[in-house]
Amino acid sequence: MKNTIKKIIFILIILCFLCFLVTCKSTEKQYNVLYQVSTINALMYGLYDGVISFGQLKAKGNFGIGTSHALNGEMILLDGIAYRIEADGKVYNIDDSEKTPFAIVTEFKSQKTIDINSLFNLDKMQNFLNTLFISKNYFYAIRIDGIFKQVKVRSVPAQSKPYPALSKVVKKQSVFTSGNVSGTLVGFWFPAYISGVNVPGYHFHFISNDRKFGGHVLELETGQVKINIGVIRHFKMLLPENNEFLNIDLTPNMDREIRSVERGR
């Protein structure tokens with residue numbers, strides 16, 4: 001009888017230990033796992049209806065970029081707080097109940113940090129970042145904090161149905177420039193094979209430390225900044241369930257249009 005009781009106690013201890021391990025595994029944060037809502041080609045075609053709430057999005061990561069329902073402004077997620085830079089150039093906090101039609105987020109963890117004090121424009125900065133990547137086959141989350149000699153950004157106004165294509169929307173974009181501004185660049189780099197799903201190459205949004213200036217980056221000049229890079233090897237994506245997404249043809253190559261939209265042309 002005593003041996004039976006001992007065996008039962010031993011089994012219970014083992015089960016409790018296994019439950020503890022499973023609980024720890026499930027609650028452990030997954031760093032540098034990319035979570036994406038919809039595709040860039042869907043956004044290019046004008047699919048601007050929100051897919052999930054920002055409350056749900058922030059459960060997936062604390063760092064990212066995207067837009068809001070009806071393409072209302074440029075979104076930036078930094079340190080777990082979501083901001084929207086609207087067409088008036090002002091920065092607003094995004095409520096958890098609002099929805100996003102397109103976003104890319106991650107729980108950011110830096111794996112490489114570099115301090116620079118050089119005058120780089122956007123192209124030179126991107127060329128420098130290229131030298132820091134361990135492979136051109138991975139994704140990268142990039143955070144750059146510091147002083148910027150100049151930052152030129154854009155935002156777009158909320159759209160009404162029937163939604164126009166993104167290439168038409170950016171022709172009416174609002175552009176703002178700020179000099180000697182302290183703030184943060186939040187961005188990602190994707191390899192060419194991601195074409196159609198996301199933007200191949202770089203995609204940056206900016207927000208100032210005082211939260212009064214920001215948007216989608218068109219041009220910049222760096223001052224003294226700190227670069228942090230996270231390598232992304234895991235990718236999860238949520239696709240819309242609405243009729244527009246179900247019926248749209250996303251097969252055409254839109255790389256040229258995407259590059260034009262990214263540079264605000």
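Residues numbered from 1 in each chain as written. Predicted model: local features only at pLDDT ≥ 70, side-chain atom pairs only at ≥ 80, totals over all residues. Heavy atoms only, no water.

**Student:** Honestly, the confidence of the model for the chain in this entry has me stumped. Any pointers?
**Tutor:** Should pLDDT be low for a region, the predicted coordinates there are not to be read in detail. Residues with a pLDDT of 70 or more make up 89% of the chain, whose mean pLDDT is 92. Per-residue pLDDT stays below 50 along residues 20-27; that stretch engages in zero contacts with residues further than four places along the chain or on separate chains. (pLDDT = per-residue confidence, 0-100. Contact = heavy atoms within 4.5 Å.)

**Student:** What should I look at first to understand unusual backbone geometry in this one?
**Tutor:** What you tend to see is this: most non-glycine residues have negative phi, and most peptide bonds are trans. Here the bond from Lys 161 into Pro 162 is cis, since omega is 0°, no more than 30 degrees from zero. Checked against the element boundaries, Pro 162 lands in the loop between β10 (139-155) and α5 (166-169). Its identity is not glycine, yet Ser 38 carries a phi of approximately 65°, on the positive side. Residue placement: Ser 38 occurs in the loop between β1 (33-37) and α2 (40-44). Given the relative accessible area of 2%, Ser 38 is considered buried. Here the phi dihedral of Asp 79 falls at roughly 55°; this positive angle occurs in a residue that is not glycine. Structurally, Asp 79 can be placed in the loop between β4 (74-78) and β5 (81-85). (Helix = DSSP H or I, 4+ residues; strand = E, 2+ residues; numbered from the N terminus. Buried < 20%, exposed > 50% of the residue type's maximum accessible area, 1.4 Å probe, protein only.)

**Student:** Any chance you could explain the sheet that holds strand β14 (residues 234-238) here in plain terms?
**Tutor:** Two modes of strand pairing occur in sheets, parallel and antiparallel, and in both the strands are linked by backbone hydrogen bonds. Strand order in the open sheet formed by seven strands is β6-β5-β4-β3-β8-β1-β14, and the pairing between neighbours is mixed. The sheet is open, and its two borders are formed by β6 (91-93) and β14, each paired with just one other strand. Here the average twist between neighbouring strands, direction ignored, is 20°. As defined by bridge partners, β5 adjoins β6 across three bridges and the pair is classed as antiparallel. In the strand pairing of β6, Ile 85 is matched with Val 91. (Pairing = 2+ DSSP bridges. Axes fitted to C-alpha atoms, helices over the stretch in contact; angles between N-to-C directions.)

**Student:** I would appreciate a short explanation of the nonpolar core in the present structure.
**Tutor:** The tendency in soluble globular proteins is for nonpolar side chains to be buried side by side. Core analysis: the largest hydrophobic core is formed by 26 residues, its most contacted members being Met 125, Leu 129, Ile 142, Ile 144, Leu 185, Phe 204 and Phe 206. Filtering out sequence-adjacent residues up to four positions away, Ile 142 remains in contact with Phe 63, Phe 108, Leu 129, Phe 133, Leu 185, Val 186, Gly 187, Phe 188, Trp 189, Tyr 202, Phe 204 and Asn 228. Counting residues in hydrophobic clusters, the runner-up holds 18 residues, among them Ile 65, Ile 76, Val 91 and Phe 108. (Core = buried A, V, L, I, M, F, W, Y, C linked by side-chain atoms within 4.5 Å.)

**Student:** What am I meant to see in helix α4 (residues 122-130) here?
**Tutor:** Since one α-helical turn is 3.6 residues long, residues separated by three or four positions face the same way. Taken together, the buried positions of α4 are occupied by Leu 122, Met 125, Gln 126 and Leu 129. The arc that holds the buried residues of α4, viewed along the axis, is 100°, so those residues lie on one side. Where the residues of α4 are buried, they touch β10, β11 (174-190), β12 (201-208) and β13 (214-232). One side-chain oxygen at the N-terminal end of α4 lies 3.2 Å from the backbone nitrogen of Asp 123; it belongs to Asn 121. (Arc of directions from axis to C-beta. Polar contact = N/O pair within 3.5 Å; in protein donor to acceptor, adjacent residues only side chain to side chain.)

**Student:** Can you help me understand the environment of Tyr 140 in this one?
**Tutor:** Following the sequence through the fold, Tyr 140 ends up in strand β10. Given the relative accessible area of 1%, Tyr 140 is considered buried. Considering only alpha carbons, one finds Tyr 140 and Gly 230, 90 residues apart in sequence, at a separation of 5.7 Å. Sequence-distant contacts of Tyr 140, that is, excluding residues within four places in its chain, are made with Phe 133, Ile 134, Ser 135, Gly 187, Phe 188, Trp 189, Ile 229, Gly 230, Val 231 and Ile 232. There is a polar contact of 3.2 Å between the side chain of Tyr 140 and the backbone nitrogen of Ile 134. Only 2.6 Å separates the side chain of Tyr 140 from the backbone oxygen of Ser 135, close enough to count as a polar contact.

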